Amino acid sequence: MYDVILKNGLVVDGKGGEPYRADVAVFSSTIALITNSDISRGKKVIDCKGKIVAPGFIDSHTHSDFLLLNDPSASFRLGQGITTDISGNCGIGVFPYKNNILKDFVKDVLGEWKDWRWNDFSSYKDYLMKRGIGCNEAFLVSHTALRAFVMGSDSLREAREEEIEEMCSVLSLELDKGAIGFSSGLYYSPCVFASQEENLALLKVVASKNKIFSVHHRSEGRGCVKSLEEVLMLAKESGVKLEVSHLKAIGKENEKNIDVMLEMIENYRREGVDVKFDVYPYTFGSTSLFSLLPPRVLAYSRLEQRMALSLESERRVIKDEIMNPDGWDSVYPMVGPDAITALYLSSHPEYNGMTLTEIARIKDFSDPLDALFDVLEDETGLAVMTDVTESEESLEKIISHPLMCFGTDSLYSSPLPHPRSFHSTVNFLKKYVMERKLLTMEEAIRRMTGETAGRFGLKDRGTIEEGKYADITVFDPSILGEVDERRNKGFSLVLVNGKVALENDIVRSEMGGKVITL
């Protein structure tokens, strides 16, 4: 007797082929049978007529490192039909760990967790599994954690030769323990301070293990072409497999570079570099409000930053650096204060949801940068923003490209997160697939499942095939949509390793998730 039988559904198998009608039977954690014959001997038999039976969606780029601790059932992942996350992106992760400085580096993106009872990937994995998790998780070793582990509070500078050697040794050990790759955020502190020698040495370690390098490259604005070329050259020299995170060109003046970057990626692939990119289906992003400050100021402690922002003379210097950046990606002048919104401020919640222009008007400042400085000077907790980064035309061009891999870039540090954290799969399928028809449904699902599994080396997942793990999402495209700011409709069933994780849009308490290792 089978544990679950899905009858009469339209199978979209994750391989990009034509959909077909079949019954899918699950026994234990795997897909046991796919057939057109009538089967009914199952503990749970579900009629899927009018619905799509697809592999569970795999998120190639997310930040769920603490979500699974705060919400072990993974309700915000399962509620989108996601059964597997790839976390530790943008160089922001929680292992290896031994210095509290890491907590400060990651809190704006990942949030906070008081009970850090781990020191490496193995102990972090054990900590997660002891509590139980609702969806599968795979992790990248983060550059920030490596620098904090080796350099401690002195990580806001170039590493010395012996420190680079130690980082390489630690990275090698973490990859051997099962982490699926390595990530860096060359836009963020402390990764921004890494030398090319450091980056290349680390990537050679990753390449030697035949694992992947995922990178938020140094500039997504005025310097985006040069920045992309930097990581492509590093990949070519090291031989590492490269995944470029959330490809975009920020600001209207830079949109012309989308075609240049796509052509550059294609050219490097022709030269033998294994490079692809991910994208989330929104024209606006979300990150730390502090990231608007120059790298020189980001190198200060939070206390030193607040002191600097309290001085009028220092404010004038910082303003000039922001408006006339030299060698770094200043988002503020590219998008403007009307496009930057304070999503969540711990110390000034009265400004949540307001643009910098609106905050400046309330505070009677003629320059919105003074409003930004005032807010950051007072902030002792989280400061998260959204910013409109690109046009629909640019985003559609990226989504349509054959090298695109789907990701959400979900953040859960703020009580008021970006909608991509809850609705990305729905927005992607409904807006860009069903309405705008940029991709067929079968191709879109391939990009969300089989393509990602193959790209990141997740064996026996990502497709509807006999013998594969029973990570399955069943949804009705005719009613797929958002219910409110945190919930979706249309998902009738989500299985994680054969366990019923969600049924009729309601998350169950079964913890079927695993930490996936390579």
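Structure: see above.
Residues numbered from 1 in each chain as written. Predicted model: local features only at pLDDT ≥ 70, side-chain atom pairs only at ≥ 80, totals over all residues. Heavy atoms only, no water.

Focus: the overall build of the protein chain
Moving on, step 1. When its secondary structure is counted, the protein chain shows 19 helices and 23 strands.
Moving on, step 2. In terms of overall dimensions, the protein chain has a C-alpha envelope of 80 × 50 × 45 Å along the principal axes.
Moving on, step 3. Here the protein chain holds 518 residues, and the buried ones make up 64% of them.
Moving on, step 4. Total accessible area on the protein chain is roughly 19,000 Å²; 48% of this is exposed by carbon and sulfur atoms.
Moving on, step 5. Taken as two groups, the 61 positive and 79 negative side-chain charges of the protein chain have centres that lie 5 Å from each other. (Helix = DSSP H or I, 4+ residues; strand = E, 2+ residues; numbered from the N terminus. Buried < 20%, exposed > 50% of the residue type's maximum accessible area, 1.4 Å probe, protein only. Areas by Shrake-Rupley, 256 points an atom, 1.4 Å probe, with all protein chains shown as cover. Lys, Arg positive; Asp, Glu negative; His and termini not counted. Charge placed at Lys NZ, Arg CZ, Asp CG, Glu CD.)

Points about the packing of helix 7 (residues 196–208) against helix 8 (residues 224–238)
Relative orientation and spacing of two packed helices are given, respectively, by the angle between their axes and the distance between those axes.
Moving on, step 1. Between helix 7 and helix 8, the shortest axis-to-axis distance is 9 Å and the interhelical angle comes to 50°. Considered as vectors, helix 7 and helix 8 are oriented oblique to each other. Here the hand of the crossing between helix 7 and helix 8 comes out right-handed. For the pair helix 7 and helix 8, contact is made by Gln196, Asn199, Leu200, Leu203, Lys204 and Ala207 and by Glu230, Leu234, Glu237 and Ser238, respectively.
Moving on, step 2. By residue class, the composition of the contact of helix 7 with helix 8 is four nonpolar, three polar and three charged. (Axes fitted to C-alpha atoms, helices over the stretch in contact; angles between N-to-C directions. Parallel < 35°, antiparallel > 145°, perpendicular 65-115°, else oblique. Left-handed = near helix turned anticlockwise from the far one by under 90°. Contact = heavy atoms within 4.5 Å. Nonpolar A, V, L, I, M, F, W, Y, C, P; charged D, E, K, R; others polar.)

A word on the pattern of salt bridges
Moving on, step 1. If you walk through the whole model with that rule in mind, you get 46 salt bridges.
Moving on, step 2. Between glutamate 392 and arginine 436 there is a salt bridge, with its nearest N and O atoms 3.0 Å apart. Here arginine 436 lies in the loop between helix 17 (420–435) and helix 18 (441–448) and glutamate 392 lies in helix 16 (residues 392–400), a separation of 44 residues in the sequence.
Moving on, step 3. Residue glutamate 392 is classed as partly exposed on the basis of its relative accessible area, which comes to 26%.
Moving on, step 4. For arginine 436, a relative accessible area of 37% puts it in the partly exposed group.
Moving on, step 5. Residues joined in a network through salt bridges with shared partners are Arg315, Lys319, Lys363, Asp367, Asp370, Asp374 and Glu377. (Salt bridge = Lys/Arg side-chain N within 4 Å of Asp/Glu carboxyl O.)

Let's talk about the packing of aromatic side chains
Moving on, step 1. Under the counting rule described, the total for this entry stands at 20 aromatic pairs.
Moving on, step 2. Ring geometry for phenylalanine 66 versus tryptophan 118: centroids 6.5 Å apart, planes at 55°, classification tilted. Of the two residues, phenylalanine 66 sits in the loop between strand 6 (57–59) and helix 1 (67–70) while tryptophan 118 sits in the loop between helix 3 (101–110) and helix 4 (121–131), which places them 52 residues apart along the sequence.
Moving on, step 3. The class of phenylalanine 66 is buried, set by a relative accessible area of 1%.
Moving on, step 4. Ring pairs connect the aromatic residues Phe66, Phe95, Tyr97, Trp116, Trp118, Phe121, Tyr124, Tyr127 and Phe139, which therefore count as one cluster.
Moving on, step 5. A cation sits over an aromatic face here: lysine 98 above phenylalanine 149, 4.5 Å from the ring centre. (Phe/Tyr/Trp six-rings, centres within 6.5 Å; stacked < 30°, edge-to-face > 60°. Lys NZ or Arg CZ within 6 Å of the ring centre and 35° of its normal.)

Points about the sheet that holds strand 17 (residues 404–406)
Picture the strands of a sheet paired through backbone hydrogen bonds; they go either parallel or antiparallel.
Moving on, step 1. The strand order across the open sheet built from eight strands is 6-7-8-9-10-11-12-17, with neighbouring strands paired in parallel fashion. Edge positions in the sheet fall to strand 6 and strand 17, since each of these pairs with one other strand and no more. Adjacent strand axes in the sheet meet at a mean angle of 30°, parallel and antiparallel pairs treated alike.
Moving on, step 2. Bridge analysis of strand 8 (residues 136–142) against strand 9 (residues 181–185) gives three bridges, and the strand direction is parallel. (Pairing = 2+ DSSP bridges.)

As for the nonpolar core
Moving on, step 1. Trp118, Leu289, Phe428, Leu429 and Phe475 are the most contacted members of the largest nonpolar core, which totals 135 residues.
Moving on, step 2. Non-local contacts of phenylalanine 428, meaning those with residues more than four positions away in its chain, are made with Pro281, Ile399, Met404, Phe406, Val433, Leu439, Ala444 and Met448.
Moving on, step 3. Counting 17 residues, the second largest nonpolar core, distinct from the first, contains Ala22, Ile31, Ala470 and Ile472. (Core = buried A, V, L, I, M, F, W, Y, C linked by side-chain atoms within 4.5 Å.)

Observations concerning the environment of leucine 416
Moving on, step 1. Mapped onto the elements, leucine 416 comes out in the loop between strand 17 and helix 17.
Moving on, step 2. Overall, leucine 416 belongs to the partly exposed group, its relative accessible area being 34%.
Moving on, step 3. Measuring from C-alpha to C-alpha, the distance between leucine 416 and valine 384 comes to 9.0 Å, with 32 residues separating the pair along the chain.
Moving on, step 4. Once you skip the residues sitting within four places of it in the chain, leucine 416 turns out to touch Leu343, Tyr344, Asn352 and Arg486.

Observations concerning helix 9 (residues 257–270)
Moving on, step 1. Taking 1.5 Å per residue as the helical rise, helix 9 with its 14 residues ought to reach 20 Å, and the 20 Å between its terminal C-alpha atoms agrees with that figure.
Moving on, step 2. The complete set of buried residues in helix 9 reads Asn257, Ile258, Met261, Leu262, Met264, Ile265 and Tyr268. Seen along its axis, helix 9 keeps its buried residues to an arc of 155°; they face one direction.
Moving on, step 3. Tucked inside the fold, the buried residues of helix 9 contact helix 8, strand 12 (275–279) and helix 16.
Moving on, step 4. One or two steps after helix 9, the chain reaches glycine 272, where phi turns positive at roughly 105°. (Expected span 1.5 Å × (residues − 1). Arc of directions from axis to C-beta.)

Notes on the environment of asparagine 488
Moving on, step 1. Here asparagine 488 lies in strand 20 (residues 488–489).
Moving on, step 2. For asparagine 488, a relative accessible area of 7% gives the class buried.
Moving on, step 3. A C-alpha to C-alpha distance of 37 Å links asparagine 488 and asparagine 100, two positions 388 residues apart in sequence.
Moving on, step 4. Setting aside residues up to four positions removed in sequence, asparagine 488 forms contacts with Gly79, Gln80, Phe422, His423, Val426, Gly481, Glu482, Val483 and Asp505.
Moving on, step 5. Of note is the side chain of asparagine 488, whose polar atom sits 2.9 Å from the backbone oxygen of phenylalanine 422.
Moving on, step 6. Separated by 2.6 Å, the side chains of asparagine 488 and histidine 423 make a polar contact. (Polar contact = N/O pair within 3.5 Å; in protein donor to acceptor, adjacent residues only side chain to side chain.)

Quick look at the side chain of aspartate 65
Moving on, step 1. Mapping aspartate 65 onto the fold places it in the loop between strand 6 and helix 1.
Moving on, step 2. We note that aspartate 65 is buried and unpaired, the nearest opposite charge coming from arginine 77 at a distance of 9.9 Å.
Moving on, step 3. Of note is the side chain of aspartate 65, whose polar atom sits 3.5 Å from the backbone nitrogen of glycine 88.
Moving on, step 4. In contact with aspartate 65, not counting residues within four places along its chain, are Ser87, Gly88, Ile92, Gly93, Val94, Leu110, Tyr124 and Phe139.

A short note on the side chain of glutamate 379
Moving on, step 1. Turning to its location among the elements, glutamate 379 is positioned in the loop between helix 15 (368–378) and strand 16 (383–388).
Moving on, step 2. Of the side chains with opposite charge, arginine 302 comes closest to the buried, unpaired glutamate 379, at an N-O distance of 6.6 Å.
Moving on, step 3. A distance of 3.3 Å separates a polar atom in the side chain of glutamate 379 from the backbone nitrogen of serine 346.
Moving on, step 4. A polar contact is formed between the side chain of glutamate 379 and the backbone nitrogen of glycine 381, at a distance of 2.8 Å.
Moving on, step 5. In this structure glutamate 379 touches Phe290, Arg306, Leu345, Ser346, Ser347 and His348, once residues within four positions along its chain are discounted.

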